[in-house]
Amino acid sequence: MAIFSNISLLITHYNRTASLERLLNSFVDIDISFGEIVVSDDGSKPENLKRLTDLQTKFDFKLVSTPINKGLGNNINKGQKAVSKPLTLYVQEDFIPCGDFLNYLTQAEEIMIAKPELDIIRFYAYFKYPYLKPYKNGFSEMIFKLWYPGYKKFYMYSDHPHLRRSNFLEKFGYYTEGVKGDVTEYNMMMSFLKNRGKGMFHQHYRTIFNQENSSAEPSTMKRDFWRESNNPLIKLMRHGYRHLKFNIDYLK
């Protein structure tokens, strides 16, 4: 059993207890233990809360709850504030670590210790960050310069699984509450850039974690037609809009 005593596992949860149990079991299956586990629940239904308390007995995690759904921002904020270890592995409940995750996490922790200027190490993404400076073992430093071409350079921060310092909120501020999850993530992305956040990205960003949403417990994140459409004209308009908006918002 590999014990990461300096890392808190922070999991955000909402009404998907089967997915949560699957995630917690997956760490057991690959013999990984943490200094603590914090599950932040966003006002799940009573039947799910009952199941949560059963899982708490089984896995011995700290449960941080709220009587009503307050959104992603509040859920991450209260969960992060409950963390007591110097590093936080943040994972949403619909992800599963892959078999070699022990090696990736060991290397990432070593890098965070060796490079105190780092704020985050990312393990998952939908696309490769465009500007990378190789470091070692497949990890590369993300480089952001406003004059670099394209808008994907802005995506240094993501809510996808990552290791970060537990003082993250102190440096970058609290997640925006009372807005859609996409807006919460976007605002933190901008705060990360404006506060000169530093991070690393792994070349195996699609195979360190798997994201799995079953038909019984589908994703609770709803995206609109504008964001998802593959219509060529809409895609072109979307890219142009993002390029303009990201640059304007960063310069505010």
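Attention here is on the structure that accompanies the text.

Parameters at a glance
- Counting from 1, residues in each chain are numbered in the order their sequence is written.
- Local features are withheld for residues below a pLDDT of 70 in this predicted model, meaning they are given only at 70 or higher, and side-chain atom pairs are given and counted only at 80 or more; totals for whole chains, interfaces and linings count all residues.
- For side-chain calculations, the full set of non-hydrogen atoms in the structure is used, while hydrogens and water are omitted.
- The way it works is that DSSP assigns letters per residue, a run of H or I at least four long becomes a helix, a run of E at least two long becomes a strand, and they are numbered from the N terminus.
- The cut-offs for exposure are 20% and 50% of the maximum accessible area for each residue type, with area from a 1.4 Å probe on protein chains only; residues under the lower value are buried, those over the upper are exposed, and the others partly exposed.
- What makes two residues a contact is simply this: any of their non-hydrogen atoms within 4.5 Å.
- Using the Shrake-Rupley algorithm and a 1.4 Å probe, accessible areas are obtained, with residue cover drawn only from the displayed protein chains.
- Under this rule, positive means Lys or Arg and negative means Asp or Glu; His and the chain ends count for nothing.
- Every charge is mapped onto a representative atom, which is NZ of Lys, CZ of Arg, CG of Asp or CD of Glu.
- Simply put, an axis is a line fit to the C-alpha atoms, just over the touching stretch for a helix, and the angle between two N-to-C directions goes from 0 to 180 degrees.
- Roughly parallel refers to an angle under 35 degrees, roughly antiparallel to one over 145, roughly perpendicular to one between 65 and 115, and oblique to any angle outside these ranges.
- Whether two strands pair comes down to DSSP finding at least two bridges between them.

Attention now moves to the overall build of the chain. Counting its secondary structure elements, the chain contains eight helices and eleven strands. Here the C-alpha coordinates of the chain stretch approximately 50 × 40 × 30 Å along the principal axes. Taking all 252 residues of the chain together, 51% fall into the buried category. Of the contacts formed within the chain by residues at least 6 apart in sequence, a portion of 78% connects residues at least 24 apart. In the structure as shown, the chain presents an accessible area of about 12,300 Å², 53% of it carried by carbon and sulfur atoms. In the chain, 35 side chains carry a positive charge and 27 a negative one; their mean positions are 8 Å apart.

Helix α2 (residues 46-59) packs onto helix α1 (residues 17-29) with a crossing angle of 10 degrees between their chain directions and a minimal axis gap of 10 Å. Taken as axis vectors, α1 and α2 run roughly parallel relative to one another. Note on element contacts: α2 touches α1 through Asn48, Arg51, Leu52, Leu55, Lys58 and Phe59, opposite Thr17, Leu20, Glu21, Leu24, Asn25 and Val28.

We now examine the environment of Phe139. Relative to the helices and strands, Phe139 resides in strand β8 (residues 139-142). When its relative accessible area of 1% is taken as the criterion, Phe139 is described as buried. Apart from residues lying up to four places away in sequence, Phe139 is in contact with Tyr104, Gln107, Ala108, Ile111, Ile121, Phe123, Pro134, Met200, Phe201 and His202.

The next point concerns the pairing of strand β9 (residues 162-165). Neither face of β9 is open: one carries His162 and Arg164, the other Leu163 and Arg165, and all of them are buried. Where strand β4 (residues 87-92) meets β9, four bridges bridge the pair, whose relative direction is antiparallel. Bridge pairing links Leu89 to Leu163 in β9. Judged from the three bridges that link them, strand β6 (residues 120-122) and β9 form a sheet pairing that is antiparallel. Note on β9: the bridge partner recorded for Ile121 is Leu163.

Attention now moves to the sheet that holds β4. Across a sheet, paired strands are connected by hydrogen bonds in the backbone, their directions being either parallel or antiparallel. If you walk across this open sheet you meet the nine strands as β3-β2-β1-β4-β9-β6-β10-β8-β7, and the pairing is mixed. Single-partner strands in this sheet number two, and they are β3 (62-64) and β7 (132-136). Going across the sheet, the axis of each strand differs from the next one's by a mean of 25 degrees, ignoring polarity. Of the pairings in the sheet, the one linking strand β2 (residues 32-41) to β3 comprises three bridges and is parallel in character. Opposite Ser40, over in β3, you have Val64 as the bridge partner. Against the sheet, helix α3 (residues 71-81) engages β1 (2-13), β2, β3, β4 and β9, with an angle of about 140 degrees to β2. Of the strands in this sheet, β1, β2, β4, β6, β7, β8, β9 and β10 (199-202) are in contact with helix α4 (residues 101-114), which crosses β1 at around 105 degrees.

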